Amino acid sequence: MPNDHKPEIGSTIVIQKETFNAILSRLKEKGYETIGPRVKNDTLIYAPIEQMDDLPRGYITEQDAARFHLKHTGHSRYFDAIPGAQSWKQFLFPPRAELFALRKVNNLWEASTPETKTPSYAFIGVRACELAAIQIQDNIFMRSDFNDPIYRARRERVFILSVDCMYPAGTCFCVSMETGPRVKAGFDLNLTELEDVFLLTVGSEIARDLLKGIPFELASAFLLRNADQGLERAASQMGRKLDISNLPDLILNNLDHPHWQEVGARCLSCTNCTQVCPTCFCWDATDEMSLDGKETHRERVWDSCFNPGYSYQAGGNTRPTIRSRYRQWLSHKLGTWKQQNGTLGCVGCGRCITWCPAEIDLTKEIPMLQEEAR
Amino acid sequence: MSDVLQETFKELQKIPWFQELEKKHLEKLASVTTLRHVRADEVLFHEGDKEDCLYIVLSGRIALEIFIPHRGKIRIYTVEPQDVFGWSSVTPVVHQRTAGATAVVDGLIACIDSEKLRKICEEDHDLGYMVMRRLANVVASRLLVTRLQLLDMFAHPESQNAK
Amino acid sequence: MVTQQIARPAAINTEHLLEPQWAEVTSITKEINDVSTYWLKFTDPAIQKAYTFEPGQFNMLYMPGFGESAISICSDSNDHSKIGHSVRFVGNVTNAIGRLKVGDVIGLRGPFGTYWPMKELEGKDVFISCGGIGLPPLRPAIYHILHNREKYGKVTLLYGARTPADLMYTNEFDDWRKANIDVQVTVDRGDSSWTGRVGVVPMWFYQFRFDSRKTAVLTCGPEIMIHFVIYEALARRIPLESIFVSMERNMKCGQGSCGHCQLGPYFICKDGPVFRFDAIQPFFNVEEF
């Protein structure tokens, strides 16, 4: 192929797996910080990766309610392992962000904003559910009436290299939520891992430019069918499922259902689910003042509707019980979110099930509202 | 009907509830009712007084008060035109007034002798039923108001027991 | 649902999240024991000039080192020289506001939220029923009516507080009466020097005649009072669409982003605080929602 040939948007090319290192290098040359899944302390995190071998090659994750086991089986694939507790949300919507600092000068406050440069991330290995979650958060942080400058600055720069899931884990239910396992749109490059090669579907001009000069071939019909079969098999092997045909009404019509009491008794209000959930977006702003009262700085931090102080206001707490806070989370995520944003808030990634120490599984809790409904 | 009775009858007729009564019932009630003008600050009865009348305010305002040592007289309720007070004389819980009643402004009240009221209700159960039904309404609505006052909904949040 | 909001609040910073504009305290009016009104004017005259609000909206007032508090604007929306906020001292931030003196500076972001539908109410009888610290967010609506009295029918204010000493803005009531607003007052408990009504706000509805076809009810105050005011209004066949409530929840950002103020699908800060009752009715009686 001539050196300046670029694949068309929408086309799928096939590359040898080693070539992927060249793509990572090019991303770095263009100034991106390449972030991908890495093994650390018996779990998977999202951290900077330099080259392919940093990826969790040969690993799988076994997941169930309150159970996560990273296992090395020695297989040869790079992208099998379904992610751990972390999601991409921490990069676009950082857990802590300095907003501004104030200094008191002659009874007035002078503001200064942090000098830090907005990072340009390249997300390597975004699953379909995770991409759907990013798109949901886009809808929340970048609206016509309100646009979060921190989120927007990072989101504008981000390069998304998504990956099709071929081997879902025990708590996955993206099929039920209609978000996966196939990545549909919103990526720069989408990767499908077959046994010997990578397929890359081109999604943007930036991706086209990135691939310029890399030797490629268009993927044959055989390889594409291979990929389809892998995805079909993945779709049939989901660890969980959830009937969403009667949502959000099933929840919103059963806000006084006795089952909330039952779940409330088990829930610890530990906020794990909201931290690992890739669509949860609640935040708080804190002030830290110097002892002499002349300087202060304001930070934005993640918050959770499970925190007891979340709904506290003068006059008391509107959600003093764990039952009411659990109900708020679930009735928002799979209920009122629809009216707010046009879609349900859950993408079926299963993290809340895996990382709940009390083994609460929303795919089991929601059908309970149907059974005992009086 | 005597002049006094006629006047009483006319005043009672102005009250919506009394308009529902048959003429003969209204006449019976009027016969046990006296009208009384009150002046501002006039005390109608004190806590602890023996009960004798059920009252209806026709015009003006009557304040119900309870005296608490160290705190003084607290005004717990004001009775406005068409409202009833002193109903405990008809359904007694304790055999004396549980609060004092003072006229806040000049006004006109109807006093129904509770002993005589009881007698005519005994003799005419139809009338008795209407009267008791009406009193049940008064008590129910007063209970709701008292509950809301008890909730102290305007209290300063720090003093409320909610965290 | 009342949906209007001001398209571009004058006092916010779109590039720096939560960074406020600054306003000077020009005067402080002590209202009742734990409430004072702070009259603010932006230190930047251009912002003061550009700043407008609608009755029912609120500002986020920022005390550096303490945080922000959502405070309803209680002044006349026609007056562009200053903005009034009646602040009840109940927590860290409001108590810090309570220590401000004239000349001190406070952060301000806003105005936020939906507002009383004054245009929609034209031609109707307006029954304002509120209590305690629920009167401040309604005062701008009353001022608006005063400026446009002929556009409204019978206008009543039924206002209650805990005790006579807790009644706010009492020195204005006679002016309002002169402008043909029926101002009726009640307290939960009184002493022998109080010659007015004693009894909770909702119970006095029976003393008024309502034309349910053309009456709108505006209410604000403790949520329990709002519940009973609405029961009384509904008992008099006032349609759900003619009842407007100003709700309150814990607010942090004021812009529908941080999640704290949600009541069901609504962000009280951007879909409220003023709601038409039919919008929130499904969630109104759900305990701890």
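Residues numbered from 1 in each chain as written. Chains lettered and ligands numbered in written order. Predicted model: local features only at pLDDT ≥ 70, side-chain atom pairs only at ≥ 80, totals over all residues.

A. Representation of the overall build of chain A within the structure. When helices and strands are tallied, chain A shows 13 helices and 16 strands. Since a compact globule built from 374 residues should have a radius of gyration of about 21 Å, the 22 Å found for chain A is in line with a globular shape. Dimensions along the principal axes, computed over C-alpha positions, put chain A at roughly 70 × 65 × 40 Å. In chain A, which comprises 374 residues, the proportion classed as buried is 44%. Taking the intrachain contacts of chain A between residues at least 6 apart in sequence as the baseline, contacts between residues at least 24 apart amount to 73%. (Helix = DSSP H or I, 4+ residues; strand = E, 2+ residues; numbered from the N terminus. Rg over C-alpha atoms; globule rule 2.2 N^0.38 Å. Buried ≥ 20, exposed ≤ 12 C-beta atoms within 10 Å, placed from the backbone. Contact = placed C-beta atoms within 7 Å.)

B. Local environment of helix α3 (residues 139-147) of chain C. Those residues of α3(C) not exposed but buried are R139(C), P140(C), A141(C), I142(C), H144(C) and I145(C). In this fold, the buried residues of α3(C) make contact with β7 (125-131), β8 (155-161), α4 (173-178), β9 (181-187) and β12 (215-220) of chain C.

C. Expanded view of the interface of chain C and chain A. Facing the 30 residues of chain C at the interface are 41 residues of chain A. Residues that form the side of chain C that touches chain A fall into these classes: eleven nonpolar, 13 polar and six charged. (Nonpolar A, V, L, I, M, F, W, Y, C, P; charged D, E, K, R; others polar.)

D. Expanded view of unusual backbone geometry. Geometrically, the link from G180(A) to P181(A) is a cis peptide bond, its omega value of 0° lying close to zero. Look at the link from G272(C) to P273(C): it is a cis peptide, with omega at 15°. With respect to the helices and strands, P273(C) occurs in the loop between β15 (266-267) and β16 (274-276). Located in the positive-phi region is D41(B), a residue other than glycine, with phi close to 75°. The residue D41(B) is located in the loop between β1 (33-38) and β2 (43-45) in this model. Look at D152(B): it is not a glycine, yet its phi comes out positive at around 50°. Mapped onto the fold, D152(B) is located in the segment after α5 (125-151). Exposure remark for D152(B): the 15 C-beta atoms within 10 Å place this residue in the partly exposed category.

E. Examining the domain arrangement of chain C more closely. Residue and element names in this part refer to chain C. When the domains of chain C are assigned, the result is domain 1 (21-112) and domain 2 (125-246). Between domain 1 and domain 2, the C-alpha centre-to-centre distance is 25 Å. Opposite the 15 residues of domain 1 that make contact, domain 2 presents 13 residues. Mapped by element, the contributors of at least two residues to the side of domain 1 that touches domain 2 are β1 (21-32) and β5 (83-88). In the side of domain 1 that touches domain 2, the residues fall into five nonpolar, seven polar and three charged. (Domains from an automatic or database assignment.)

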